[in-house]
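For reference, the chains in residue letters:
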Amino acid sequence: MSARLGDATLSLLAPGVVTPAYRRSAVTPGIVHLGVGAFHRAHQAVFVDDCLNRGEHEWGIVAVSLRSPETRDALKPQDCLYTLIQRDGSGDRLRAIGSLLDVVVAPESPEQVLRHLADPRIRIVTLTITEKGYTANLATRTVLWDHPDIQHDLENPGRPRTALGYLTEGLKRRRDRGIAPFTVLSCDNLPSNGRTLKALLVQFAGNGDRLLANHIEQQVAFPSSMVDRIVPATTDDDRAEAASRLGAEDAWPVVAEPFSQWVIEDHFPEGRPGLEASGMEFVTDVEPYEHMKLRLLNGAHTTIAAIGQSAGLATVADVFGEPVAQRFISAYWKEVSATLDATVDAVRYCERLAQRFLNPALRHRTAQIAMDSSQKLPQRILAPLAELTDARKPAGAVAFAVAIWMRSCLGVNESGVANSVSDPALAAWRRDQDLSALSAAEIVDAFLGLSSVFDARWRERTGVLDEITSALEQINRVGTLSAIAGAFPEKT
Ligand code: CS2
């Protein structure tokens with residue numbers, strides 16, 4: 001067995017592996033990141049690693065896991081170094097990333113996290129905590145006041161559990177000590193993620209401390225950002241490959257496609273790293289980019305995941321490799337593009353997306369994307385469908401996608417195999433429903449009762465509900481791919 005990846009073994013790694021060009025001991029913390037999943041490590045941490053390579057040593061990252069110790073346990077014994085495997089089928093490229101200075105597990109050490117948040121050297125707090133991590137109804141932008149973790153945080157502000165609790169207490173301590181607030185940068189796939197997080201934080205803080213809520217509202221910057229890189233979950237094969245190619249063991253490498261994009265509003269009162277030199281795009285309004293990415297990439301992803309989960313296809317490339325699915329997604333993109341701002345080049349974006357989805361080496365699993373899909377549907381698919389329907393624009397493919405999603409939530413795939421994808425919000429709702437004996441119309445009607453997904457206005461959109469119902473009837477009768485083929489025939 002070879003040595004473990006770490007500061008001491010960096011110089012011994014195999015030729016061809018890119019390593020930090022900076023002295024890691026000279027790096028000081030400037031960013032706290034909440035949610036240290038694979039996406040963060042393959043995206044933001046790489047942009048920051050580029051800045052460190054250019055000599056901006058004051059922007060090291062203190063990463064916080066809000067839940068499990070797994071990432072800390074994997075990375076601390078290797079000095080928080082890990083490998084990025086960039087993969088596109090033409091040979092993997094390996095790079096050791098050194099921008100994480102520490103990984104702290106919040107449930108074990110809440111005070112340590114708060115100390116970092118109050119550290120004057122920390123000027124930015126970034127987040128990738130997924131939709132669920134906002135503990136909010138994202139459609140109405142309201143805090144889930146009944147959520148047990150929110151109730152806990154309101155009663156125990158010094159030992160928070162949620163991101164809202166940590167940010168509020170961190171900003172309070174800074175205000176009380178006369179330290180300028182950090183900038184809060186959401187990097188999650190939410191529309192207007194900065195504005196959304198600001199609204200939630202002001203509500204949350206205002207529950208106990210109106211002055212603090214005013215301080216947050218007036219003094220704290222929340223730039224919105226659009227992040228994009230496809231990062232499948234790491235497998236044991238990836239670990240084995242990292243070990244053989246690196247010449248050292250890495251307990252948790254991350255795998256990503258070559259494409260990487262970060263578009264951001266330039267509002268960082270306390271400063272920021274020179275990320276433009278790493279390819280980051282600064283704009284005054286990120287919304288057109290966010291809409292494009294959420295609706296074209298993530299909307300198609302959720303649809304592809306639902307097709308895969310219903311039809312028993314394991315990866316995005318497996319689904320997108322089916323000509324019928326590709327034709328359908330193209331029709332979907334065409335309809336959704338009519339909701340996008342004219343300043344973005346949706347045609348070019350979709351051309352690139354098609355290439356990215358076909359990446360043969362990435363093996364991005366449909367089960368991974370299908371996780372928590374009930375929290376993803378509103379912003380990714382229902383928002384453009386509502387806009388198209390209300391503007392009386394063609395929306396047949398998007399309505400069909402909703403029917404496919406409903407089919408994928410019924411608990412078994414088309415071969416009768418139980419679906420074990422985790423989606424607690426959906427599972428809680430399904431426990432009270434017996435959907436198995438219902439007709440398509442009754443199933444659609446039952447879903448309209450899932451109010452965290454379908455707001456009350458959906459009941460009034462009777463035309464599109466009929467379209468969803470007849471698509472679901474077809475899917476139930478002939479299977480997902482055949483139903484798509486019937487509804488979206490090849491043009492002769
Ligand atoms: C995916 C995203 O799992 C999912 O929901 O749609 O993680 C997607 O891969 C990224 O947003 C791509 O930038």
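Residues numbered from 1 in each chain as written. Predicted model: local features only at pLDDT ≥ 70, side-chain atom pairs only at ≥ 80, totals over all residues. Heavy atoms only, no water.

For the rest of this paragraph, the subject is the overall build of the protein chain. For the protein chain, the count of helices and strands is 20 helices and 13 strands. Dimensions of the protein chain, computed from the C-alpha atoms along their principal axes, are close to 65 × 55 × 45 Å. Counting only residues that meet the buried cut, the protein chain has 55% of its 492 residues in that class. Taking the contacts inside the protein chain whose residues are at least 6 apart along the sequence as the reference set, 78% of them involve residues at least 24 apart. Accessible surface, the protein chain as shown: approximately 19900 Å² in total, 49% of it carbon and sulfur. The average position of the 51 basic charges and that of the 61 acidic charges among the side chains of the protein chain differ by 2 Å. (Helix = DSSP H or I, 4+ residues; strand = E, 2+ residues; numbered from the N terminus. Buried < 20%, exposed > 50% of the residue type's maximum accessible area, 1.4 Å probe, protein only. Contact = heavy atoms within 4.5 Å. Areas by Shrake-Rupley, 256 points an atom, 1.4 Å probe, with all protein chains shown as cover. Lys, Arg positive; Asp, Glu negative; His and termini not counted. Charge placed at Lys NZ, Arg CZ, Asp CG, Glu CD.)

This part takes up the site of the ligand. Around the ligand sit Asn189, Val227, Asp228, Arg229, Lys293, Leu297, Asn298, His301, His364, Ile369, Lys376 and Arg380, and those are all the residues in its vicinity. Within the side chain of Asn189, one N or O atom sits 2.9 Å away from an oxygen atom of the ligand. Between an oxygen atom of the ligand and a side-chain N or O atom of Lys293, the distance comes to 2.6 Å. Looking at the shell around the ligand, the elements that each hand over two or more residues are β10 (225-228), α10 (287-311) and α15 (373-390). With four residues, α10 is the largest single contributor of residues to the shell around the ligand. (Near = heavy atom within 4 Å. Polar contact = N/O pair within 3.5 Å; in protein donor to acceptor, adjacent residues only side chain to side chain.)

Taken as a whole, the protein chain is organised into domain 1 (7-283) and domain 2 (287-487). Placing the centre of domain 1 and that of domain 2 at their C-alpha centroids yields a distance of 29 Å. Taken together, the contact between domain 1 and domain 2 spans 29 residues of the former and 25 residues of the latter. Taken together, the links from domain 1 to domain 2 amount to four salt bridges. Notably, a salt bridge pairs Asp228 with Arg356, separated by 2.9 Å at the nearest N-O pair. Inspection of the region where domain 1 meets domain 2 yields 11 residue pairs in polar contact (both at pLDDT 80 or more). Those elements that provide at least two residues to the side of domain 1 that touches domain 2 are α7 (193-206), β10, β11 (254-256) and β12 (261-265). Classifying every residue of the side of domain 1 that touches domain 2 gives 14 nonpolar, seven polar and eight charged. (Domains from an automatic or database assignment. Salt bridge = Lys/Arg side-chain N within 4 Å of Asp/Glu carboxyl O. Nonpolar A, V, L, I, M, F, W, Y, C, P; charged D, E, K, R; others polar.)

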